[in-house]
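Observations on chain architecture
One letter stands for each residue in the lines below.
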Amino acid sequence: MSLETRSFEVYGSTIEVHAGGRRVWPPSFKRFVKHKLDSGELTVNEVMEKCNASQSLVCKWRADVKASKVRTCAVREKRLFSEIVIEDTERTQPSPTSEILLRGREIEIKLPAAYPVDDLVKVILSLEERT
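Below: a short report on this structure. All values reported here derive from a predicted model rather than from experimental measurement.

1. A short note on the overall build of the protein
When you go through the protein residue by residue, the secondary structure sums to four helices and five strands. Scanning the protein from its N terminus toward the C terminus, one meets helices and strands in the order β-β-β-α-α-α-β-β-α. Here the protein, with 131 residues, has 19% of them falling under the buried criterion. At a minimum sequence separation of 6, the contacts of the protein that also span at least 24 residues come to 35%.

Below you can see the structure in the form of structure tokens.
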């Protein structure tokens, strides 16, 4: 018996199957299913059939998403880049009152202009759920 991990695709997500047959359903997959069920695009029976999962498991996925306190009101498209707009100014050093403004659909974050670039990238990626 092999101990290697296998996987399969369902609804565009990769589901790992560990030795012994245990499937690992990622949180992003659970959010996707909850969104599709809530919007009426899928039924519980369709998900059960496609995923070879029980009704109680599909209902548990919905509960897991709610319990994780993750916002599920909108499923965001995966973007390959983030648009960053830099206003051209004549200053070479940021003034103490300068700030970086990150604006999303549901959130706005103001950071000091001297905020470290590496940390800024981490903030942007986490806002886009691509950490």
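2. Concerning the sheet that holds strand S3 (residues 23–24)
The three strands lie next to each other as S1-S2-S3, forming an open sheet whose pairing is antiparallel. Taken across any chain shown, the strands that pair with only one partner, and hence form the sheet edges, are strand S1 (6–10) and S3. Relative to strand S2 (residues 13–17), S1 is paired through five bridges, and the arrangement is antiparallel. Paired with Glu9 across the bridge in S2 is Thr14.

3. Considering the nonpolar core
In terms of nonpolar packing, the biggest core is built from twelve residues, these being Val10, Ile15, Trp25, Phe29, Val33, Leu37, Leu42, Val47, Cys51, Ala53, Val58 and Trp61. Mapped onto this core, the elements with two or more residues apiece are helix H1 (27–39), helix H2 (44–51) and helix H3 (55–67). Looking at this core, the element that brings in the most residues is H1, giving three residues. The contact partners of Ala53, leaving out residues within four places of it in the chain, are Met48, Val58 and Trp61. Membership of the second largest hydrophobic core comes to five residues, among which are Leu102, Leu120, Val123 and Ile124.

4. Side note on the pattern of salt bridges
Counted under the stated rule, the structure contains six salt bridges. Between Lys60 and Asp64 there is a salt bridge, and its shortest N-O distance comes to 3.2 Å. Of this pair, Lys60 and Asp64 both sit in helix H3, separated by four residues, roughly a single helical turn. Using a relative accessible area of 45% as the deciding quantity, one classes Lys60 as partly exposed. Overall, the relative accessible area of 25% leaves Asp64 in the partly exposed class. Sharing partners across several salt bridges, the network here consists of Lys30, Lys60 and Asp64.

5. Section: unusual backbone geometry
Backbone geometry at Tyr11 places phi at a positive 50°, although glycine is not the residue there. Residue classification places Tyr11 among the partly exposed residues on the basis of a relative accessible area of 25%. Phi is positive for Asn52, which is not a glycine, with a value near 55°. Within the fold, Asn52 resides in the loop between H2 and H3. For Asn52, a relative accessible area of 62% corresponds to the exposed category.

Cut-offs used in this document
Residues numbered from 1 in each chain as written. Predicted model: local features only at pLDDT ≥ 70, side-chain atom pairs only at ≥ 80, totals over all residues. Heavy atoms only, no water. Helix = DSSP H or I, 4+ residues; strand = E, 2+ residues; numbered from the N terminus. Buried < 20%, exposed > 50% of the residue type's maximum accessible area, 1.4 Å probe, protein only. Contact = heavy atoms within 4.5 Å. Pairing = 2+ DSSP bridges. Core = buried A, V, L, I, M, F, W, Y, C linked by side-chain atoms within 4.5 Å. Salt bridge = Lys/Arg side-chain N within 4 Å of Asp/Glu carboxyl O.

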